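# Architecture at a glance
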Amino acid sequence: MNRQERKLAQKQAQLSALREIGQALNSAWALEPMLDLISRKTTQIMGMDSCSIYLLQPDGDQLVLKATTGLAEDAIGHATLGLGEGLTGWSAREGVPVAVRDAAADPRFKLLPETKERGLRSLAAMPLKNQGRVIGSMNVQTARFHFFDVDEMELLSLIGDLAAGALEKAALYDNMRRQIEELSALAQVSQAVTSPPVSYT
């Protein structure tokens, strides 16, 4: 197989992977399963050792780890980065991707002890944007030193675009579900209060 044929085969594999992610995201609604799916599929499709997703909190100043493949699962919901902090936070603040062969040597790098991140050397981070607004950032990491080429960054960008739209949909769904639960609970309380007292004869 010559170089051009290899390139074509790689592109076809990437398109197939994106279709697979797109179909999976279209069938998922709840936020947490969707985040988990994105991190697992990205790790698998790109041949990485880790993929983590951080979402920007409502105050707009902090990113919280919401899903990971390859890092400590008990860090989910606890590990945080300030906007602009670490390579992932920097990518979110600047709204641009970043790729570093030796992440630990980069002055922007920040190690989060709670993630138990050990032996991961190279890192690429991609901001998650929806309608021009940054809603988070995702990163992929490798245990070996790795140079992220243009095709890999393009694939990560396409996954990020798919993910951002799906995450916005899931967040709206979760919010709507919470409101329905609250209204149902309120209706039950109201019914209990207004029900006539039971008389025993």
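Please refer to the structure higher up on the page.
Residues numbered from 1 in each chain as written. Predicted model: local features only at pLDDT ≥ 70, side-chain atom pairs only at ≥ 80, totals over all residues. Heavy atoms only, no water.

### Brief notes about helix α2 (residues 31–46)
Threshold: Runs of H or I in DSSP of at least four residues are treated as helices and runs of E of at least two as strands, each being numbered from the N terminus. Expected helix span is computed as 1.5 Å times (number of residues minus one). Throughout, exposure labels follow a simple rule: accessible area from a 1.4 Å probe, protein chains only, divided by the maximum for the residue type, with under 20% read as buried, over 50% as exposed, and the rest as partly exposed.
Here α2 spans 22 Å end to end across 16 residues, near enough to the 22 Å set by a 1.5 Å rise per residue. All of the buried residues along α2 are L31, M34, L35, L37, I38, S39, K41, T42, T43 and M46. G47 sits one or two positions beyond α2 and adopts a positive phi of about 70 degrees.

### Focus on helix α3 (residues 86–94)
Three or four residues apart is the spacing at which side chains of an α-helix point the same way, because the helix has 3.6 residues per turn. Note the threshold: Only heavy atoms enter the contact rule, under which two residues are in contact if any of them lie within 4.5 Å.
Burial analysis of α3 places 7 of its 9 residues in the buried class, the great majority of the element. For α3, the complete set of buried residues consists of G86, L87, T88, G89, W90, S91 and A92. Tucked into the core, α3 has its buried residues touching β1 (50–56), β2 (62–69), β3 (80–82), β4 (98–100), β5 (122–130) and β6 (133–142). Positive phi shows up at G95, right after α3, with a value of about 70 degrees.

### Structural notes on the sheet that holds β5
Selection rule: Paired strands, as defined in this entry, are two strands with at least two bridges between them according to DSSP. Only the contacting stretch of a helix is used when fitting its axis, a line to C-alpha atoms as for every element, and angles between N-to-C directions run 0 to 180 degrees.
A sheet is described by the order of its strands in space; here 6 strands give the open sequence β3-β2-β1-β6-β5-β4, paired in antiparallel fashion. Of all strands in the sheet, those with a lone pairing partner are β3 and β4, marking the two edges. Taken pair by pair, the neighbouring strands of this sheet meet at an average axis angle of 25 degrees, ignoring direction. Across the face of the sheet, α3 comes into contact with β1, β2, β3, β4, β5 and β6 while running at roughly 30 degrees to β5.

### With respect to the nonpolar core
To be explicit about the condition: The criterion is simple. A nonpolar core is a set of buried Ala, Val, Leu, Ile, Met, Phe, Trp, Tyr and Cys residues joined through side-chain atoms within 4.5 Å.
If you look at the biggest cluster of nonpolar residues, it comprises 27 residues, and the most contacted ones within it are I53, L128, M138, V140 and L167. Counting residues per element, the ones that place at least two in this core are α1 (3–27), α2, β1, β5, β6 and α4 (150–194). When residues in this core are grouped by element, the largest group, 8 residues, is from α4. Counting residues in each nonpolar core, the second largest holds 9 residues, with L65, A79, L81 and L112 among its members.

### Some points on the pattern of salt bridges
Note that side chains of opposite charge can pair when their charged atoms are close. Heads up, the condition is: Between Lys or Arg on one side and Asp or Glu on the other, a salt bridge is scored when a side-chain nitrogen of the former is within 4 Å of a carboxyl oxygen of the latter.
Counted by the stated rule, this structure contains 6 salt bridges. Here E94 makes a salt bridge to R93, at a shortest N to O gap of 2.9 Å. Overall, E94 belongs to the partly exposed group, its relative accessible area being 39%. In this structure R93 comes out as partly exposed when scored by relative accessible area, which is 45%.

### Some words on the environment of T43
Spelled out, the test is: Pairs of N or O atoms within 3.5 Å make up the polar contacts considered here, provided that, within protein, one atom can donate a hydrogen while the other can accept it, and that residues adjacent in sequence are counted only when both atoms are side-chain atoms.
Relative to the helices and strands, T43 is located in helix α2. When the C-alpha atoms of T43 and G70 are compared, they prove to be 8.7 Å apart, with 27 residues separating the residues in sequence. Beyond its immediate stretch of four places on either side in the chain, T43 contacts M48, D49, S50, C51 and T69. Engagement of the side chain of T43 in a polar contact is seen with the backbone oxygen of S39, the distance being 2.7 Å.

### Thoughts on the side chain of D151
As for its placement among the helices and strands, D151 is situated in helix α4. Since its relative accessible area comes to 9%, D151 is described here as buried.

### Re unusual backbone geometry
Located in the positive-phi region is K116, a residue other than glycine, with phi close to 55 degrees. Checked against the element boundaries, K116 lands in the loop between β4 and β5. You will see that Q131, though not glycine, has its phi angle at about 55 degrees, which is positive. Take Q131: it is sitting in the loop between β5 and β6. On the accessibility criterion, Q131 (82% relative accessible area) is exposed.

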